[in-house]
Amino acid sequence: MTKTEEKHKKFLNLNLRTKTLLIIGIAFLILFSVFVSNYLIDHTAVLTSNFYNINQPPSFEHWFGTDWMGRDMFMRTLLGLGISIGVGAFASIISTIIAILLGVFSSVNTIVDEAVTAVIDLFGSIPHILLIILVSLAFGGGYYGVVMAVGLTHWTPLARVLRAEIKKINTSEYIKLSTEFGKSKMWIAKKHIFPLIISQIIVGVILMFPHAIMHEASISFLGFGLPAHEPAIGIILSESMKYLSMGYWWLAFYPGLALLFLVLLFDLIGENVHKLLDPQSAQE
Amino acid sequence: MDVMKAEKVSFGYGSHKILQNLNFEMNNNQVIGLFGDSGSGKSTLCKILTGFITDYEGEVTVNGQKHNGGYNPIQLIYQHPEKVMNPRWKMKDVLEESWMPDEKILNEFGIKKEWFKRYPSELSGGELQRFSILRALNPKTKFIIADEISTMLDAVTQVQIWESLLTVARENNVGVLLVSHDKRLINRISDEMVYLSDITD
Ligand SMILES: Nc1ncnc2c1ncn2[C@@H]1O[C@H](COP(=O)(O)OP(=O)(O)O)[C@@H](O)[C@H]1O
Ligand SMILES: [Mg+2]
């Protein structure tokens, strides 16, 4: 690599880092304000109907307009995002734990590895939405049902990655050489394996989060998710379907856009963090 | 004096037999060249001697003792140094995984301090190979198996690296088994040449 190329690379690297930090900052700000607003907003006031104000298009007073009961759509969207983020976070935690356990477990021996692979393939092959609905119903639906359903179905990609990564590291020559240098299994796990998979885990979680949110919204939209009285984005969207034909486009447009924005934001963060933590594969 | 011995060693990948009843012995004051055509099983033998392959028949011993656990007194230097280095580690960590040599040895190998901060992908093959040799020269090492370690290097680097390796090895009474398909190199460097076909059935 020549000097100028090196400089160029450093410059790009710095750029990527600042860019990623900026996006993470924005995401954090959004998450934080949604979180705070969920506490500050007087839920009953927002959700009670106000018939002087029904079906108003977006204005300065009501940024996202109002619905057929006169409720402010901006407030409802904020609350909805709050619920989505909560479900997404809990579900991601569950999924991550499962993925790590299976990934580490697979390295015990080849029989266990084959069993783990079979389980991953089995779960990966069932249509996602169907599985989520079934699990949600099995757990009695509601908030709890949705968290469990989304949490128990989103671990497959991360588990697959972790299993493959651990296997790759374990069979690499430098791990063998490490044993020849007299290093213990614990030392190798701590120094060689863990630092490598931790970045995979971080990236996996960041990428899993938007998926979890999307799926929560989808099954709530279909009526199998959160109960109808919750102001979840999925509920808002499915309710507003009835009013779209009357031209009240803002009822679905803004909440949908807000959700999409959040999802894309996290996808972007995931990709950038991946590039940052894994410069090797990004170089290739 | 330390003696490395391979007795009645046989090995194959699956049913494909590579080595049959191999017997070999050397001591720590020798530099022996092992010659064999490419594909004849030299690398396989190196991996057996250094514990990279364990499911072989027969025995490999140093002073009558098999290696089980701890630092292996027989160390392998590989043809491709990049394969035996964690790509995410800086060179300092790569080297220290074995030991940290003193200034004198670092200078002998022409290792620059600034290389310590780089990753393996940021050094040339010759520079990486110096690190990989240094790692193997840990004071606990009694024998070094060098498997085609200079094949991919230019003539000048090849000579430099071998001179440094042999200097340090002689000083510390480390036996060197130099494995190659290049007779000229073996003749120049080693005290004695052994044909792989002569020590197997
Ligand atoms: N991991 C492996 N699995 C199966 N066959 C192998 C493997 N490594 C080497 N071989 C085969 O074993 C034979 C000897 O290979 P090797 O020991 O690398 O020879 P050399 O180093 O003398 O060129 C070759 O025919 C090669 O194809
Ligand atoms: Mg070879």
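Relevant structure appears above.
No experiment lies behind these values; they were computed from the predicted model shown.

A look at the overall build of chain A
Phase 1 of the analysis: Check the secondary structure of chain A and you find twelve helices and zero strands.
Phase 2 of the analysis: Across chain A, helices and strands are ordered from the amino to the carboxyl terminus as α-α-α-α-α-α-α-α-α-α-α-α.
Phase 3 of the analysis: On the principal axes, the C-alpha backbone points of chain A span a range of 80 × 55 × 30 Å.
Phase 4 of the analysis: The buried share among the 284 residues of chain A stands at 45%.
Phase 5 of the analysis: Within chain A, counting contacts between residues at least 6 apart in sequence, those at least 24 apart form 69% of the total.

Regarding a nonpolar patch on the surface
Residue and element names in this part refer to chain A.
Phase 1 of the analysis: Among the surface-exposed residues, Leu 137, Met 214, Phe 221, Leu 222, Phe 224, Met 241, Leu 244, Trp 249, Phe 253, Leu 257, Leu 260 and Leu 264 lie close enough to one another that they form a single nonpolar patch of about 1,100 Å² accessible area.
Phase 2 of the analysis: For the nonpolar patch, the leading source of residues is helix H11 (residues 250-277), giving four residues.
Phase 3 of the analysis: Here Leu 244 is to be found in helix H10 (residues 233-244).

Examining the environment of Val104(A)
Residue and element names in this part refer to chain A.
Phase 1 of the analysis: With respect to the helices, strands and loops of the structure, Val 104 is situated in helix H3 (residues 73-105).
Phase 2 of the analysis: Using a relative accessible area of 43% as the deciding quantity, one classes Val 104 as partly exposed.
Phase 3 of the analysis: Linking Val 104 and Trp 249, residues 145 residues apart in sequence, is a C-alpha distance of 49 Å.

A look at the site of ligand 1
Residues and elements named next belong to chain B.
Phase 1 of the analysis: Tyr 13, His 16, Ile 18, Asp 37, Ser 38, Gly 39, Ser 40, Gly 41, Lys 42, Ser 43 and Thr 44 make up every residue found near ligand 1.
Phase 2 of the analysis: Side-chain polar atom of Tyr 13 to a nitrogen atom of ligand 1: 3.3 Å apart, as the coordinates give it.
Phase 3 of the analysis: In the environment of ligand 1, an oxygen atom lies 2.5 Å from a nitrogen or oxygen atom belonging to the side chain of Thr 44.
Phase 4 of the analysis: Burial of ligand 1 by the surrounding chains reaches 57%, relative to a free accessible area of 560 Å².
Phase 5 of the analysis: Per-element tally for the shell around ligand 1: the top contributor is helix H1 (residues 42-49), with three residues.
Phase 6 of the analysis: Its residues assigned to classes, the shell around ligand 1 comprises two nonpolar, seven polar and two charged.

As for helix H5 (residues 128-138) of chain A
Phase 1 of the analysis: Taken as a whole, H5(A) has its buried residues at Leu131(A), Ile132(A), Ile133(A), Val135(A) and Ser136(A).
Phase 2 of the analysis: Buried residues belonging to H5(A) abut helix H4 (110-125), helix H6 (142-151) and helix H9 (185-222) of chain A.

What about the pattern of salt bridges?
Phase 1 of the analysis: Throughout the structure, instances matching the rule amount to eleven salt bridges over all chains.
Phase 2 of the analysis: Ionic pairing is found between Asp121(A) and Arg160(A), a salt bridge with its closest N-O pair at 3.0 Å. Residue Asp121(A) is found in helix H4, and its partner Arg160(A) is found in helix H7 (residues 156-170); the two are separated by 39 residues along the sequence.
Phase 3 of the analysis: Note on Arg160(A): relative accessible area 39%, which makes it partly exposed.
Phase 4 of the analysis: The closest approach of N and O atoms between Glu114(B) and Arg118(B), which form a salt bridge, is 3.8 Å.
Phase 5 of the analysis: Judged by its relative accessible area of 46%, Glu114(B) is partly exposed.
Phase 6 of the analysis: Residue class for Arg118(B) comes out partly exposed when judged on its relative accessible area of 26%.

Cut-offs applied
Residues numbered from 1 in each chain as written. Chains lettered and ligands numbered in written order. Predicted model: local features only at pLDDT ≥ 70, side-chain atom pairs only at ≥ 80, totals over all residues. Heavy atoms only, no water. Helix = DSSP H or I, 4+ residues; strand = E, 2+ residues; numbered from the N terminus. Buried < 20%, exposed > 50% of the residue type's maximum accessible area, 1.4 Å probe, protein only. Contact = heavy atoms within 4.5 Å. Patch = residues over 30% accessible without salt bridge, like charges linked within 9 Å, V, L, I, M, F, W, Y side chains within 5 Å. Areas by Shrake-Rupley, 256 points an atom, 1.4 Å probe, with all protein chains shown as cover. Salt bridge = Lys/Arg side-chain N within 4 Å of Asp/Glu carboxyl O. Near = heavy atom within 4 Å. Polar contact = N/O pair within 3.5 Å; in protein donor to acceptor, adjacent residues only side chain to side chain. Nonpolar A, V, L, I, M, F, W, Y, C, P; charged D, E, K, R; others polar.

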